[in-house]
Amino acid sequence: MTGQGLKPDVVTYNTMLQGLFQVGRCVDARKLFNEMHAQGLIPDQCTYRIIVDGLCNNHLVEDALSLFQLTGDSKLNSDIVVYTILIDGAGKCGKFHIARNLFHGLSVKGLKPDVRTYNVMIGGFCREGLLGEAKLLFLKMEESGYPPNNVTYRVFLQGCLKNQHYDDVEMLLQEMDDRGYSLDASTLSLFIDHIAAGLLDRSMLKLLGKLVPKELIDDPSLCDWE
């Protein structure tokens with residue numbers, strides 16, 4: 001590009017960085033980031049989001065945290081999107097204690113979790129088998145002004161099923177119906193498996209039927225769910 005007399009800008013570098021991380025070329029991404037600095041370009045918020053997300057997706061959470069800490073009190077440290085990426089990455093890499101500390105430290109930074117942050121944290125609690133804490137956080141969402149969305153219900157329901165915690169399942173399904181939400185293929189498939197295994201009563205099929213979106217009704221992999 002430079003050989004053609006064209007000088008890449010921040011947007012160009014961001015696009016290239018994202019592409020390198022997507023194919024797992026983290027070392028090359030770091031070199032490109034250093035080159036960006038050498039060219040006198042100042043990374044923007046999007047740059048840091050791409051880098052933190054790329055490192056986390058490639059299981060380099062510690063490196064993402066180091067970058068996060070090195071930036072001190074910059075805009076990166078007041079970006080709820082970056083916090084959410086780190087919380088998600090830490091939880092999925094078996095470092096849930098870090099995810100939890102980051103989440104509980106949000107108020108100290110003057111930040112409020114958004115719906116995605118709550119969803120990520122609820123998913124983390126569910127992966128750790130901490131259904132009680134997941135439920136408390138789920139209930140807190142409404143109080144905090146961020147009511148659970150469709151994804152929240154799906155994440156919590158999947159957590160309940162995978163941990164064979166069925167106490168709240170029917171209530172959650174009923175709430176989904178009341179809110180006009182629907183199940184996705186993976187959540188519906190889990191329900192079918194649990195009903196087939198005798199872990200859930202077949203009477204639940206009627207309620208499930210109300211929550212199946214049209215595009216799933218003709219899915220051949222789910223055609224025998226009734």
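Bear in mind that the values here come from a model prediction, so they are computed numbers and not experimental data.

## Re unusual backbone geometry
Positive phi values are uncommon outside glycine, yet His59 reaches one of about 65°. If you trace the backbone, His59 turns up in the loop between helix H3 (45-57) and helix H4 (61-70). Of note, Gln164 is a non-glycine position whose phi angle comes to about 50°, a positive value. One can find Gln164 in the loop between helix H9 (150-162) and helix H10 (169-179).

## Focus on the packing of helix H6 (residues 96-104) against helix H7 (residues 115-127)
Two elements in contact, H6 and H7, have axes separated by 11 Å at closest approach and are oriented at 145°. When the axes of H6 and H7 are compared, the crossing they make is left-handed. Where H6 abuts H7, its residues Phe96, Ala99, Arg100 and Phe103 lie against Thr117, Tyr118, Met121, Gly124 and Phe125. In terms of residue class, the contact of H6 with H7 is made up of six nonpolar, two polar and one charged.

## Regarding the nonpolar core
One finds Leu86, Phe156, Leu173, Leu183 and Phe191 to be the most contacted residues of the largest nonpolar core, which totals 70 residues. With sequence-adjacent residues up to four places away left out, Leu86 is seen in contact with Val52, Cys56, Ala64, Leu65, Phe68 and Leu102.

## Comments concerning helix H1 (residues 10-22)
Its 13 residues place the ends of H1 18 Å apart at the C-alpha level, agreeing with the 18 Å of an ideal helix rising 1.5 Å per residue. Residues of H1 that are buried: Val10, Tyr13, Asn14, Leu17, Leu20 and Phe21. The buried residues of H1 occupy one face: seen down the axis, they fall within an arc of 130°. Counted as exposed and oriented over 90 degrees from the buried face of H1: Val11, Thr15 and Gln22. Of the residues flanking the end of H1, it is Gly24, one or two places downstream, whose phi is positive at about 80°.

## Details of helix H5 (residues 80-92)
Residue pairs spaced three or four apart in an α-helix point in one direction, given the helix's 3.6 residues per turn. Relative to the 18 Å expected for 13 residues at 1.5 Å per residue, H5 spans 18 Å between its end C-alpha atoms, a close match to the ideal helical length. Among the 13 residues that make up H5, eleven are buried, leaving the element largely enclosed by the rest of the structure. Taken together, the buried positions of H5 are Ile80, Val82, Tyr83, Thr84, Ile85, Leu86, Ile87, Asp88, Gly89, Ala90 and Gly91. For H5, the side-chain oxygen to backbone nitrogen distance between the N-cap and Val81 is 3.0 Å, and the N-cap itself is Asp79.

## A closer look at the pattern of salt bridges
As a working rule, side chains carrying opposite charge can pair if their charged atoms are close by. This model, assessed by the stated rule, comprises nine salt bridges. Among the salt bridges present, the one from Asp88 reaches Arg116, with a minimum N-O distance of 3.7 Å. Separated by 28 residues along the polypeptide, Asp88 in helix H5 and Arg116 in helix H7 bring together distant segments of the chain. Between Glu142 and Arg179 there is a salt bridge, with the nearest N and O atoms lying 2.8 Å from each other. Within this pair, whereas Glu142 is found in helix H8 (residues 131-143), its partner Arg179 is found in helix H10, the two being separated by 37 residues in sequence.

About the cut-offs
- Residues numbered from 1 in each chain as written.
- Predicted model: local features only at pLDDT ≥ 70, side-chain atom pairs only at ≥ 80, totals over all residues.
- Heavy atoms only, no water.
- Helix = DSSP H or I, 4+ residues; strand = E, 2+ residues; numbered from the N terminus.
- Axes fitted to C-alpha atoms, helices over the stretch in contact; angles between N-to-C directions.
- Left-handed = near helix turned anticlockwise from the far one by under 90°.
- Contact = heavy atoms within 4.5 Å.
- Nonpolar A, V, L, I, M, F, W, Y, C, P; charged D, E, K, R; others polar.
- Core = buried A, V, L, I, M, F, W, Y, C linked by side-chain atoms within 4.5 Å.
- Buried < 20%, exposed > 50% of the residue type's maximum accessible area, 1.4 Å probe, protein only.
- Expected span 1.5 Å × (residues − 1).
- Arc of directions from axis to C-beta.
- Polar contact = N/O pair within 3.5 Å; in protein donor to acceptor, adjacent residues only side chain to side chain.
- Salt bridge = Lys/Arg side-chain N within 4 Å of Asp/Glu carboxyl O.

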